[in-house]
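Summary of structural features
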Amino acid sequence: MSFKVIKPGFLATIQDYGRFTHGAHGLSQSGVMDEHAYGWANHLLENSPTDAVLEITFGGVELQALDDCAISVCGADLDFKVNNQTALSWHSVQIQKGDVLSWTLPKHGIRAYLAVKGGFDTEVLFDSRSVNLRENIGSKLKADEMLICDSSNIEFDHFIAPQYIPNYDKDIVLRLLPSYQYHQFSKAQRVLFFNQTYTISNANDRAGCRLNGVPIAIEKSKMISEGMSYGSVEIATDGLPIVLLKDAPTIGGYPKIGTVFSLDLAKLAQKQPHAKVRFELMDIHQAQKQRLKFNQFFGLD
Amino acid sequence: MHKIILAGEDSILIYFGSKIDSALPKNIANFANALKAEFSQLIIDLTPSYTSLLVHYDLSKVNYLTFSAEVQNLLTNFEFSNTTEDSNLIYIPVYYGFESGLDLERLLAEKNLNLDEFIKIHSDKEYLVYAIGFSPVFTFLGEVDIRIQAPRLATPRIKIPAGSVGIADSQTAVYPTDSSGGWNIIGRTVQDLSLKNPDNLNKFKTGDRVKFYSITREEFIEHGGQL
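**With respect to the overall build of chain B**
Broken down by element type, chain B carries 5 helices and 13 strands. Summarising its shape, the C-alpha atoms of chain B cover approximately 60 × 35 × 35 Å along the three principal directions. In chain B, 62% of the contacts between residues at least 6 apart in sequence involve partners at least 24 apart. In the form shown here, chain B has an accessible surface area of approximately 10,200 Å², with 49% of it arising from carbon and sulfur atoms.

This is the structure we're talking about:
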């Protein structure tokens, strides 16, 4: 029937594929930060690819199963345990009534996804189950809260071959589409942007990831506000980039040097402050080809 | 004039002009409707703003080159009639007072106006909805009369109460929920514009018009207003 929340953790929220069709009302896309781990979490349970999961950031979460339930945990290694025994991630797991699931601290990556067979059955708010704290839509996990889902017993045993499990400790390159104001940045500004290694700052959350580095000289930093895509990279007044993520505002008035490819944003979602990132140009046709392949694999097409 | 640019792996941005113009919001809204009608299977979301429309499409069904060409084609043949049918006029009651309008006293001194004059200037005008965003239902209205325009505060306030009516340069807006912000606060409405009332999602759309009207402190309190 459900899970009872014993420890709510630092930041754990219900997320699904996202909240679409409300851009005109100022509602951001929301949804999971790591679409790759999310895709696998549902896939291993033969779920719909848009089912709602629990996104656990950093850990500190403890849940008790009130019934038998098939689950999978993908994404960051937050030291996932069942009844205090190290349990399998990237693997379908049958949980028994009374079992205690826990995630203590980030060992590799920062966001883990708990999927349950059939998805979490939380309230649908504006056509999505995704919680958005910035917009006061839903709330983060609270102690003693019940997370409702179907009870389930599975016969199958699905897992991912170890070579396909991402290594979140590797440095990442964010591939960038030359979108928005890319061509309005001068050659010198672009050279500075692409030839440096940025560091993820402490000011990063589900709305955006601020990067530290050598500032780009900006003459006119404000423009007429326009719709911002997931992954677009603002260059703020201080000349430093902000990568806009799932909970970002819908419109904004800083110039944008490009848009990061979504599957690289999934990798960024697992990075801690102080991690290093670089940018590299990507062609739209390559991006669409790779994303289409991803969508087809997970049944998102 | 019209221009389509790349916005992301599954989005394009259409510019309808290069500067803020009262004819644009309605044109953009009309074109957005035409796009939805023509490509209902391909479009995931549309985000209009002052001079542009962000189009999020389904890359599983159509690729960038094909889709941009189709949109370009529709743009070329579209008749921008700038009709105001389907544009609503929304009235919002405001208590303009020193308790609700945190910056009102300062603005009156700066602008050399008395309270009645200030209220008349702000509430006489029918404002156009230029854009919605920043946060849910936050509606950018223009244009504010030059006599009461004021730049954003140098230091934004940490908390502005829900319902506060603000001015930033030529724009005015209501804060739907408690939030931080740097606009000059001139009054407060009793109308709940937050998503606690889900109907508020569809309260405004770009191209609509908004008119404020002044209510007394007593009326404000009587309708549940809190100071």
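Now that the structure has been shown, the text picks up again.
**Points about the sheet that holds strand β10 (residues 108-116) of chain A**
Residue and element names in this part refer to chain A. Spatially, β2-β3-β10-β5-β8 is the arrangement adopted by the 5 strands of the open sheet, whose pairing is antiparallel. Both outer strands of the open sheet, β2 (11-15) and β8 (92-95), are each paired with one neighbouring strand and no more. Here the average twist between neighbouring strands, direction ignored, is 25 degrees. Examined bridge by bridge, strand β3 (residues 53-57) and β10 share 4 bridges and lie antiparallel to one another. Looking at the pairing, Leu-54 lines up with Leu-114 of β10.

**Side note on the packing of helix α1 (residues 24-38) of chain B against helix α2 (residues 64-77) of chain B**
All names here are of chain B. Where α1 contacts α2, the two axes come as close as 11 Å, and the packing angle between them is 130 degrees. In this view, α1 runs oblique relative to α2, as classed from their interaxial angle. Classified by chirality, the crossing of α2 by α1 is right-handed. Of the residues in α2, those touching α1 at Phe-31, Ala-34, Leu-35 and Glu-38 are Val-71, Leu-74 and Leu-75. Its residues placed into classes, the contact of α1 with α2 shows 6 nonpolar, no polar and 1 charged.

**A look at the nonpolar core**
Ranked by size, the top nonpolar core spans 77 residues in total, and within it Phe-279 of chain A together with Leu-35 of chain B carry the most contacts. Apart from residues lying up to four places away in sequence, Phe-279 of chain A is in contact with Val-173, Leu-174, Leu-176, Phe-193, Phe-194, Tyr-198, Leu-211, Val-233, Val-243 and Val-260 of chain A. By size, the runner-up hydrophobic cluster in this structure holds 32 residues, among which are Tyr-96, Leu-107, Leu-108 and Ile-132 of chain B.

**So, the packing of helix α1 (residues 35-43) of chain A against helix α4 (residues 284-298) of chain A**
All names here are of chain A. As a packed pair, α1 and α4 sit with axes 10 Å apart at the nearest point and diverge in direction by 20 degrees. If you check the angle between α1 and α4, you find them roughly parallel. Handedness of the crossing formed by α1 with α4: left-handed. Residue-level contacts link Glu-35, His-36, Gly-39, Trp-40 and His-43 of α1 to Arg-291, Phe-294, Phe-297 and Phe-298 of α4. In terms of residue class, the contact of α1 with α4 is built from 4 nonpolar, 3 polar and 2 charged.

**Considerations on the sheet that holds strand β12 (residues 172-177) of chain A**
All names here are of chain A. With mixed pairing, 7 strands are arranged side by side around a closed barrel as β12-β19-β16-β17-β14-β13-β20. Averaged over all pairs of adjacent strands, the angle between their axes in this sheet comes to 40 degrees, without regard to strand direction. When strand β16 (residues 232-235) meets strand β17 (residues 241-244), the two strands line up antiparallel, connected through 3 bridges. Within the sheet, the bridge partner assigned to Val-233 lies in β17 and is Val-243.

**Observations regarding the interface of chain B and chain A**
When the parts come together, some accessible area is lost, and that loss is often what is quoted as the size of the interface. Each side of the interface is counted separately: chain B has 41 residues, and chain A has 41 residues. Counting the surface chain B buries against chain A, the share from its top three residues, Leu-6, Glu-9 and Leu-201 of chain B, is 21%. The tally of links from chain B across to chain A stands at 0 salt bridges. Remark: the boundary between chain B and chain A carries 19 residue pairs in polar contact (both at pLDDT 80 or more). Where the side of chain B that touches chain A is concerned, the elements lending two or more residues are β1 (3-8), β2 (11-15), β3 (43-48), β4 (52-57), α2 and β6 (127-132) of chain B. Broken down by class, the residue content of the side of chain B that touches chain A amounts to 24 nonpolar, 14 polar and 3 charged.

**Considering α4 of chain A**
Residues that lie three or four places apart on an α-helix share one face, since the helix turns once every 3.6 residues. Given a rise of 1.5 Å per residue, 15 residues ought to cover 21 Å, and the 21 Å separating the end C-alpha atoms of α4 of chain A matches this to within 8%. Burial in α4 of chain A covers these residues: Ile-284, Ala-287, Gln-288, Arg-291, Phe-294, Asn-295 and Phe-298 of chain A. One side of α4 of chain A holds all its buried residues, which, seen down the axis, span an arc of 130 degrees. In α4 of chain A, those exposed residues whose orientation departs by more than 90 degrees from the buried face are Lys-289 and Lys-293 of chain A. Structurally, α4 of chain A contributes buried residues whose contacts are with α1, β12 and α3 (262-268) of chain A together with β1, β4 and α2 of chain B. Just past α4 of chain A, the residue Gly-299 of chain A takes up positive phi, approximately 75 degrees.

Conventions adopted
Residues numbered from 1 in each chain as written. Chains lettered and ligands numbered in written order. Predicted model: local features only at pLDDT ≥ 70, side-chain atom pairs only at ≥ 80, totals over all residues. Heavy atoms only, no water. Helix = DSSP H or I, 4+ residues; strand = E, 2+ residues; numbered from the N terminus. Contact = heavy atoms within 4.5 Å. Areas by Shrake-Rupley, 256 points an atom, 1.4 Å probe, with all protein chains shown as cover. Pairing = 2+ DSSP bridges. Axes fitted to C-alpha atoms, helices over the stretch in contact; angles between N-to-C directions. Parallel < 35°, antiparallel > 145°, perpendicular 65-115°, else oblique. Left-handed = near helix turned anticlockwise from the far one by under 90°. Nonpolar A, V, L, I, M, F, W, Y, C, P; charged D, E, K, R; others polar. Core = buried A, V, L, I, M, F, W, Y, C linked by side-chain atoms within 4.5 Å. Buried < 20%, exposed > 50% of the residue type's maximum accessible area, 1.4 Å probe, protein only. Buried area = accessible area lost by both parts, 1.4 Å probe. Salt bridge = Lys/Arg side-chain N within 4 Å of Asp/Glu carboxyl O. Polar contact = N/O pair within 3.5 Å; in protein donor to acceptor, adjacent residues only side chain to side chain. Expected span 1.5 Å × (residues − 1). Arc of directions from axis to C-beta.

Read these as spatial facts, not as claims about activity.
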